[in-house]
Amino acid sequence: MTSTLTPPAVSRPPEGGKRKRRRPFLGKNPLGLLFSAPYLVFVILVFAYPLVYSVWISFHDFFFAAPGAQVDRPFVGLENYVTAFTDPAVIRSFGNVGIFLLINVPLTVVLSLLLASALNKVTRFRAFLRVSFYVPYLTASVAVVAVWLFLFNGNGIVNQVLGPLAPSPSWLVNEHWAMPSIALFVTWKQLGFYILLYLAALQAVPQELYESASTDGAGAVRSFFSVTVPGVRPATVLVLLVSTVTGANLFTEPYLLTGGGGPNGASASPVLIMYQDGLQQGHPDTAAAIGVVLVIVVLGIAWLQNRFAGGND
């Protein structure tokens with residue numbers, strides 16, 4: 001009598017592909033998560049929590065009280081937003097920072113890329129030149145502002161050089177020239193940082209591309225637009241994002257250069273208005289509403305820059 005052997009059951013993978021492998025809960029490198037945990041905690045405590053709390057404040061009737069005091073802060077919906085954005089000073093501050101960004105961001109990108117390309121080809125005094133461009137960025141704004149005020153006041157060197165072409169009233173007390181002057185100052189002061197970003201990016205551009213362009217008959221200008229500009233595009237996106245976020249948070253320069261947003265609010269920024277409303281006038285709820293709208297606007301601009309400048313690539 002013969003016995004029939006039953007073959008062992010073979011597990012088959014699910015239909016439509018291979019068997020799915022479960023990913024570890026902490027990722028492939030849990031040790032990396034452990035090392036990044038301190039910075040993650042820092043981001044949560046310093047950025048995420050204040051942002052969420054600001055959103056909560058903007059929807060409530062909030063005011064400062066003594067520590068430990070139990071006070072009622074009722075929900076008021078969009079009342080703080082309506083109060084803030086029916087104030088002409090707030091609307092003007094957003095227009096002022098828009099003018100600032102339209103001047104500062106393009107100038108920063110163009111000048112930092114041109115200077116970085118020039119410095120990358122310099123062989124003598126390279127370190128000295130790089131440090132010279134970076135020193136203004138490291139110098140305290142209070143010290144540099146004193147020099148800028150000396151240059152651009154009514155009897156300053158700039159007006160003496162321009163003579164009859166100098167504006168009247170002078171730059172920083174002129175409603176039309178106050179914010180452009182601040183934009184030029186910030187561009188000059190922060191240029192060294194962005195130059196270093198582009199210098200790092202230029203090291204990653206293969207030298208063979210320049211040699212191929214030269215073999216094809218491309219000159220210096222053609223090589224710059226055909227090789228350098230595409231080669232540093234990720235750095236350009238980074239410069240656009242950082243300069244936009246930094247410019248939207250403009251506070252120190254108008255506070256010091258124009259005495260707190262003068263003349264007549266022509267150089268006031270949203271962050272400066274938040275400081276005045278929230279701390280000086282005791283209305284932190286409307287200041288929080290301004291801050292929330294500013295974050296949304298900056299995120300929208302940053303998304304557009306990342307989308308159309310090629311950041312996804």
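Everything that follows concerns the structure shown earlier in this document.
Reading the values: rules and limits
Residues numbered from 1 in each chain as written. Predicted model: local features only at pLDDT ≥ 70, side-chain atom pairs only at ≥ 80, totals over all residues. Heavy atoms only, no water. Helix = DSSP H or I, 4+ residues; strand = E, 2+ residues; numbered from the N terminus. Rg over C-alpha atoms; globule rule 2.2 N^0.38 Å. Buried < 20%, exposed > 50% of the residue type's maximum accessible area, 1.4 Å probe, protein only. Patch = residues over 30% accessible without salt bridge, like charges linked within 9 Å, V, L, I, M, F, W, Y side chains within 5 Å. Areas by Shrake-Rupley, 256 points an atom, 1.4 Å probe, with all protein chains shown as cover. Salt bridge = Lys/Arg side-chain N within 4 Å of Asp/Glu carboxyl O. Phe/Tyr/Trp six-rings, centres within 6.5 Å; stacked < 30°, edge-to-face > 60°. Lys NZ or Arg CZ within 6 Å of the ring centre and 35° of its normal. Expected span 1.5 Å × (residues − 1). Bend = angle between axes of the 7 residues up to and from the residue. Core = buried A, V, L, I, M, F, W, Y, C linked by side-chain atoms within 4.5 Å. Contact = heavy atoms within 4.5 Å.

Draft legend 1. Structural view of the overall build of the chain. Within the chain one finds 13 helices and zero strands. Start at the N end of the chain and walk to the C end: the helices and strands fall as α-α-α-α-α-α-α-α-α-α-α-α-α. In summary, the chain has a C-alpha radius of gyration of 28 Å against a globular reference of 20 Å for 313 residues, an excess of more than 25%. Dimensions of the chain, computed from the C-alpha atoms along their principal axes, are close to 120 × 75 × 30 Å. For the chain, buried positions account for 34% of its 313 residues.

Draft legend 2. Representation of a nonpolar patch on the surface within the structure. Where nonpolar side chains cluster on the molecular surface, the patch consists of Tyr39, Leu40, Val41, Phe42, Ile44, Leu45, Val46 and Phe47 and spans about 800 Å² of accessible area. Among the structural elements, tyrosine 39 can be located in helix 1 (residues 30-58). Judged by its relative accessible area of 57%, tyrosine 39 is exposed.

Draft legend 3. Structural view of the packing of aromatic side chains. As enumerated under the stated definition, the model contains 23 aromatic pairs in all. Seen from their ring centres, tyrosine 134 and tyrosine 137 are 5.5 Å apart, and the 40 degrees between their planes marks the pair as tilted. Of the two residues, tyrosine 134 and tyrosine 137 both sit in helix 4 (residues 126-138), three residues apart, roughly one turn of that helix. Put simply, the rings of Trp148, Phe152, Trp171, Trp177, Phe185 and Trp188 pair up and form one aromatic cluster. Sitting over the ring of phenylalanine 62, arginine 73 keeps its end group 4.2 Å from the ring centre. Against the face of phenylalanine 63 rests arginine 73, its NZ or CZ located 5.6 Å from the ring centre.

Draft legend 4. Examining the side chain of serine 141 more closely. Considering the arrangement of structural elements, one finds serine 141 in helix 5 (residues 141-152). Here serine 141 falls in the buried class, since its relative accessible area comes to 17%.

Draft legend 5. Summary view of the environment of arginine 222. Within the secondary structure layout, arginine 222 lies in helix 9 (residues 220-231). For arginine 222, a relative accessible area of 57% puts it in the exposed group. With 96 residues separating them in the primary sequence, arginine 222 and arginine 126 have C-alpha atoms 25 Å apart.

Draft legend 6. Molecular detail of the pattern of salt bridges. Taken as a whole and assessed by the stated rule, the structure comprises one salt bridge. A salt bridge links glutamate 175 to arginine 92, with the shortest nitrogen-to-oxygen separation between them at 3.7 Å. With glutamate 175 in the loop between helix 6 (157-162) and helix 7 (178-202) and arginine 92 in helix 3 (residues 88-121), the pair connects residues that are 83 residues apart, well separated along the chain. Given a relative accessible area of 35%, arginine 92 falls into the partly exposed group.

Draft legend 7. Spotlight on helix 4. Its 13 residues give helix 4 an end-to-end C-alpha distance of 19 Å, which sits within 8% of 18 Å, the value for a rise of 1.5 Å per residue. The largest bend along helix 4 reaches roughly 25 degrees and is located at serine 132, with the proline proline 136 sitting one to four residues downstream.

Draft legend 8. Structural context of the nonpolar core. Membership of the largest hydrophobic core comes to 35 residues, with the highest contact counts inside it found for Phe100, Ile182, Phe185, Tyr198, Val232 and Leu257. If you list the elements that add at least two residues to this core, you get helix 3, helix 5, helix 7, helix 9 and helix 10 (233-248). Setting aside chain neighbours within four positions, we find isoleucine 182 in contact with Phe100, Leu250, Glu253, Pro254, Leu257, Thr258 and Ser267. By size, the runner-up hydrophobic cluster in this structure holds eleven residues, among which are Ala84, Ala248, Leu294 and Val298.

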